[in-house]
Amino acid sequence: MDSGNPLGEFLRARREMTSPSQAGQPWSGRRRTPGLRREEVAQSSGVSTDYYARLEQGREKHPSAQVVHALARALGLGPEETAHLHQLARTARGPVRRGGGAPVGPRLLRLMDGWLHTPALVLDRRLDVLAGNRLGVALFAGMLEQGETNLVRFTFLNPDARDFYPDWERVARSGLAALRVGSGDLMNDPRLTELVGELSLRSAEFRSLWARHDVRGKSHEAKSFNHHQVGELTLTYDSFTVDSATHQQLIVYQAEPGSASQQALALLGTMAADLPALPTVTLSDRIEDR
């Protein structure tokens, strides 16, 4: 995944995307390189330019927590980006963690099954769909019925995604930023490496966006869909960490009360009632077979 130097790659990407004004640096006229210079980051962080260069090049892999915090401040990183940088530094110092394949708990499945008006999915850190209630499966039927269970792979490699997501570019950027969050402590995970490798080979847009190293977890935002059965609808989603299972997220979608999207969601609900009578449609086995 990438070049085997995730800490250095992240530092370089954020440095090149940070302007002097964003970092509080005085303007010094024409610049030959984008963003900040290495010496500017080093000076603001209180380390030598040689030491910072070795961090970017992967020759130094053990920065202290204090140095990481100073680098985050010098680069103007937000809370999620700072946490990601600390995670990359810890990964470089400690053993590699690999993503587990724990099934979705039965109590959570029963809870989701009771939500008749709100689509719900459970995702892992790779953005694989592990489970969904009837309405969640119906919302993403165009993807799931093709045997695809990864949201990022669908977004970049399936032509139907550009019809399904009217604001495709925003969805693509958001998905990759969320995948970056998950990649921080799943370095060298075989399935994540395979996913990133496949997408890098088959999608120039993925390669370009992945190289930005944007980091932003799924939390809360509105998303537009163009569903093949009920047409256009705009839903907001909220993401919740599943405390009982490492690396699982519960994503719950809602429509604005009284909106056309709520009516479309209600129509989709009548169609979802015809799905097989399972407590909750679970997709974990499909993922393990990939």
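Preceding block: the structure.
A. Structural view of empty space enclosed by the protein. A complete count under the given rule lists three cavities of 30 Å³ or more for this structure. For the lining of the second largest cavity, the secondary structure elements donating two or more residues are helix H11 (168-183) and helix H13 (204-210). Looking at the lining of the second largest cavity, the element that brings in the most residues is H11, giving four residues. Of the residues that constitute the lining of the second largest cavity, the class distribution is four nonpolar, one polar and four charged.

B. Broad picture of the pattern of salt bridges. Summed over the entire model, instances satisfying the criterion amount to 21 salt bridges. Arg12 is the partner of Glu16 in a salt bridge, and the nearest nitrogen-oxygen pair spans 3.0 Å. Of this pair, Glu16 and Arg12 both sit in helix H1 (residues 6-16), four residues apart, roughly one helical turn. On the basis of relative accessible area, Glu16 is assigned to the partly exposed category, the value being 29%. The exposure class of Arg12 is partly exposed, given its relative accessible area of 45%. Across the pair Glu56 and Arg38 runs a salt bridge, and its minimum N-O distance is 3.1 Å. A residue pair is termed long-range when its members are at least 10 positions apart, and Glu56 in helix H3 (residues 49-57) and Arg38 in helix H2 (residues 38-45) qualify at 18 residues. Accessibility expressed as a relative area gives 6% for Glu56, which makes it buried. A network of salt bridges, in which partner residues are shared, links Arg14, Glu81, Arg212 and Asp214.

C. The pairing of strand E4 (residues 231-241), seen in detail. In this structure, strand E3 (residues 220-227) lies alongside E4, joined through eight bridges in antiparallel fashion. Each residue of the ladder has a partner; that of Ser224, found in E4, is Thr234. As consecutive antiparallel partners, E3 and E4 are separated by three residues.

D. Spotlight on unusual backbone geometry. Of note, Leu127 is a non-glycine position whose phi angle comes to about 65 degrees, a positive value. Note that Leu127 resides in the loop between strand E1 (120-123) and strand E2 (129-132). Classification of Leu127 as buried rests on a relative accessible area of 2%. The backbone of His213 shows a phi angle near 60 degrees, a positive value even though the residue is not glycine. With respect to the helices and strands, His213 occurs in the loop between H13 and E3. For His213, a relative accessible area of 6% puts it in the buried group.

E. Quick look at H1. Counting buried positions over the 11 residues of H1 gives eight, a clear majority of the element. Among the residues of H1, Leu7, Gly8, Glu9, Phe10, Leu11, Ala13, Arg14 and Arg15 are the ones counted as buried.

F. The nonpolar core, seen in detail. In terms of nonpolar packing, the biggest core is built from 43 residues, with Phe140, Phe156, Tyr165, Phe225 and Tyr253 touching the most fellow members. Setting aside residues up to four positions removed in sequence, Phe156 forms contacts with Trp168, Ala172, Leu176, Leu199, Ser203, Glu205, Phe206 and Leu209.

G. Examining the packing of H1 against H3 more closely. At a closest axis distance of 6 Å, the pairing of H1 and H3 adopts a crossing angle of 115 degrees. Taken together, the axis directions place H1 and H3 in an arrangement best described as roughly perpendicular. From H1, Leu7, Gly8, Leu11, Arg12 and Arg15 reach across to H3, where they touch Tyr52, Leu55 and Glu56. Taken together, the residues of the contact of H1 with H3 sort by class into four nonpolar, one polar and three charged.

H. View of the packing of aromatic side chains. Applying the stated rule across the entire model yields 13 aromatic pairs. The interplanar angle of 45 degrees and the centroid separation of 6.1 Å between the aromatic rings of Tyr165 and Phe225 together place this pair among those described as tilted. Within this pair, whereas Tyr165 is found in the loop between helix H10 (161-164) and H11, its partner Phe225 is found in strand E3, the two being separated by 60 residues in sequence. The pair formed by Tyr165 and Phe225 is uniform in burial state, with each residue classed as buried. Here Phe225 and Tyr253 contribute two aromatic rings whose centre-to-centre distance is 5.9 Å and whose plane-to-plane angle is 75 degrees, an arrangement assigned as edge-to-face.

About the cut-offs
Residues numbered from 1 in each chain as written. Predicted model: local features only at pLDDT ≥ 70, side-chain atom pairs only at ≥ 80, totals over all residues. Heavy atoms only, no water. 1 Å grid on protein atoms, 1.4 Å probe; cavity = no way out; pocket = protein on both sides within 12 Å on 5 of 7 lines; lining within 4 Å. Points joined across faces, edges and corners; volume = space filled by probe spheres on them. Helix = DSSP H or I, 4+ residues; strand = E, 2+ residues; numbered from the N terminus. Nonpolar A, V, L, I, M, F, W, Y, C, P; charged D, E, K, R; others polar. Salt bridge = Lys/Arg side-chain N within 4 Å of Asp/Glu carboxyl O. Buried < 20%, exposed > 50% of the residue type's maximum accessible area, 1.4 Å probe, protein only. Pairing = 2+ DSSP bridges. Core = buried A, V, L, I, M, F, W, Y, C linked by side-chain atoms within 4.5 Å. Contact = heavy atoms within 4.5 Å. Axes fitted to C-alpha atoms, helices over the stretch in contact; angles between N-to-C directions. Parallel < 35°, antiparallel > 145°, perpendicular 65-115°, else oblique. Phe/Tyr/Trp six-rings, centres within 6.5 Å; stacked < 30°, edge-to-face > 60°.

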